[in-house]
Amino acid sequence: MTALRTLLPYLRPYRWRVVLVLVSILVVTAAGLLAPWLVRELVRIVRLAEGDLEGAAHGIGWLTLALFGVYGLRSLGQYLNFHVSHVVAWNLCHDLREAVYRQLQRFSPAYYSERQTGEVASRVLKDTDNLEPVVADVMYDFVVSALLAVGIVVILFSLEPTLTLLAFLPVPFVVAGVWLMRRPINRAFEAEAARVGEVSALVQDNLAGVREIQVFGREHFEGARLSGLSRRLAGEQIRARKLVASLYPLIEGATGLSTVLVVWFGGQRALAGTLAVEDLVAFVLYLGTFYQPLWRLADVGEAFERGAASVGRIFEVLHASPSVADPEDGGELGRVRGELRLEGVSFAYVGAPVLEDVTLHVEPGETLALVGATGAGKSTLASLLARFYDPQAGRVTVDGVDVREVRLESLRRNLSVVLQDVFLFYGSVRENIRFGKPGATDAEVEAAARIAGAHEFIGALPDGYDTLVGERGVKLSGGQKQRLSIARAVLKDAPILILDEATSAVDSETEARIQRALETLMAGRTAVVIAH
């Protein structure tokens, strides 16, 4: 129930649909309570029909019509519930999926350095989808079960209180058993969700690194890793279902015992003339109706516990605080002049110092070259300028404004970055270049490619600018990917340019051509150039 309470704010936009679902639930519940009562009336009419067969036949006709109407309303209620509840559920999944994705976009690279991509992706896709049956089915079954249980208890008590107490004698044991099993079942499904994330992460890593796996002959080893993780996942899945299955004998035993008690004691009362036959029939029918929801709850219990575990994983992301975030009432940078300052900046990755008390000043339009060995902190400095991280000491300013005091989007709008590790999205060459300026025309895209020295090789591709680059640009060489990344930065036309090993993956002839283009590009801009 905690999981459902957590979801309530996200259900608010669909409150009128939820109201319609509740109305349909009331219709279904009322029909479920009324149908056995009409059968009771049928038995009563037949029992008393000796002297008035015509009147009895007339009464049976009206009962038949009433039953037809009851089952018709029940069918309509179930249709409305099924359709509308699933509309609400899938819209809720969409809203949560979008919320989780937006939250993940706010996290700095430090968050992802501690997690596998596949495990994070499973929270966006798998965990949000796991909530659909919770909202569409479990909530319906729980409410219907509760209403039916209350209604049946009231009806049976009105017929025969003592027999009702005997009939419901096993119920406290069922409730206690379900309550005791709730926590172990929840933990089992949490463990299953974690294993799903691990398998997803391994599969995604191996598919991304399939070339490395093949060239180093690691297919057997990686297959064994997947087999081990998959076997542990299967073990967790079996364990969770075994715990759920333990509820079935409990409910079956309670149903059987209740029926036995009613048949024995009710039958004795009916023979003694202290209990009407129609009331005994009503007891048997209502008992079957009473325990049906418990069977249904056992069936959907698996979906509920899986959904509850997924809610925890989803809100673990939504409630996490990004290490780098927009300040409250953060300022807005227009197009900056490009003055950069680092004042006494120190930074460390998990306790390992990288920069210590660094101070530097770059005037607008100047070029700062950072040269040094790998691990000297050159790329870290660029990351601090883009505010992927915040320094532990000192401050970074742009045009005299501390970057921690302005909105991230405002700051990064003024930066064009070519990183050492080029990332291209699955799509066309044109789409990847246009990523730097979504509204750019085809002519602007081509002009940026010419400046980056990419136009010639793009023209030689099968479909030119419409050629698909493959996942992470797998269809292109390292130098080609680097030049597309430069073209993307050129197109953005930001006043501050950061080049992190921007020509590291090109041959000497191409490098010379790009260097000439970059000199033109850097004119009038502040540039930070990182090289070995």
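Residues numbered from 1 in each chain as written. Predicted model: local features only at pLDDT ≥ 70, side-chain atom pairs only at ≥ 80, totals over all residues. Heavy atoms only, no water.

A. Region of the structure containing the sheet that holds strand S6 (residues 415-418). The strand order across the open sheet formed by 4 strands is S3-S8-S7-S6, and the pairing between neighbours is parallel. Of all the strands in the sheet, just strand S3 (367-371) and S6 have a single pairing partner and so form its edges. On average, adjacent strands in this sheet sit at an angle of 10° to one another, irrespective of strand direction. Sheet analysis places strand S7 (residues 496-500) next to strand S8 (residues 526-531), joined by 5 bridges and oriented parallel. Within S8, the position partnered with Leu499 by the bridge is Val529. In the packing of helix H14 (residues 378-385) onto the sheet, the strands contacted are S3, S6, S7 and S8, and the crossing angle to S8 comes to about 150°. Docked against the sheet, helix H19 (residues 478-492) engages S6 and S7, running at close to 175° with respect to S6. (Pairing = 2+ DSSP bridges. Helix = DSSP H or I, 4+ residues; strand = E, 2+ residues; numbered from the N terminus. Axes fitted to C-alpha atoms, helices over the stretch in contact; angles between N-to-C directions. Contact = heavy atoms within 4.5 Å.)

B. Spotlight on helix H11 (residues 219-245). The terminal C-alpha atoms of H11, which comprises 27 residues, lie 38 Å apart, in line with the 39 Å expected from a rise of 1.5 Å per residue. Among the residues of H11, Glu222, Leu229, Leu233, Ala234, Glu236, Ala240, Leu243 and Val244 are the ones counted as buried. (Expected span 1.5 Å × (residues − 1). Buried < 20%, exposed > 50% of the residue type's maximum accessible area, 1.4 Å probe, protein only.)

C. Structural view of the environment of Arg183. Within the secondary structure, Arg183 is located in helix H9 (residues 171-208). Using a relative accessible area of 51% as the deciding quantity, one classes Arg183 as exposed. In the structure, Arg183 is positioned 144 residues away from Pro327 in sequence and 40 Å away in space, judged by C-alpha atoms.

D. Inspection of the packing of helix H17 (residues 442-451) against H19 at higher detail. Axis separation between H17 and H19 bottoms out at 8 Å; the angle between their running directions is 125°. With respect to their mutual orientation, H17 and H19 come out oblique. Of the two elements, H17 crosses H19, and the hand of that crossing is right-handed. In contact with Glu444, Val445, Ala448, Ala449 and Ile451 of H17, H19 contributes Ala487, Val490 and Leu491. (Parallel < 35°, antiparallel > 145°, perpendicular 65-115°, else oblique. Left-handed = near helix turned anticlockwise from the far one by under 90°.)

E. Expanded view of the packing of helix H2 (residues 15-47) against helix H7 (residues 132-159). Contact geometry of H2 with H7 gives a least axis separation of 9 Å together with a crossing angle of 30°. In terms of crossing hand, the pair formed by H2 and H7 is right-handed. Contacts between H2 and H7 involve Ile25, Leu26, Val28, Thr29, Gly32, Leu33, Trp37 and Arg40 on the former and, on the latter, Tyr140, Val143, Val144, Leu147, Leu148, Gly151, Ile152, Ile155 and Leu159. Split into classes, the residues belonging to the contact of H2 with H7 amount to 13 nonpolar, 3 polar and 1 charged. (Nonpolar A, V, L, I, M, F, W, Y, C, P; charged D, E, K, R; others polar.)

F. Geometry of the environment of Arg15. On the secondary structure map, Arg15 appears in helix H2. For the pair Arg15 and Leu243, spaced 228 residues apart in sequence, the C-alpha to C-alpha distance is 35 Å.

G. Unusual backbone geometry, seen in detail. One non-glycine residue, Arg387, lies in positive phi territory at about 55°. With respect to the helices and strands, the residue Arg387 is situated in the loop between H14 and strand S4 (393-398). Residue Arg387 is classed as buried on the basis of its relative accessible area, which comes to 4%. At Asp493, a residue that is not glycine, the phi angle is positive and equals roughly 55°. Mapped onto the secondary structure, Asp493 falls in the loop between H19 and S7.

H. Representation of the confidence of the model for the chain. For the chain, mean pLDDT is 80; residues scoring 70 or higher make up 91% of the total. Ranking the elements of the chain by mean pLDDT puts helix H10 (residues 210-215) last, at 62, and S4 first, at 89. (pLDDT = per-residue confidence, 0-100.)

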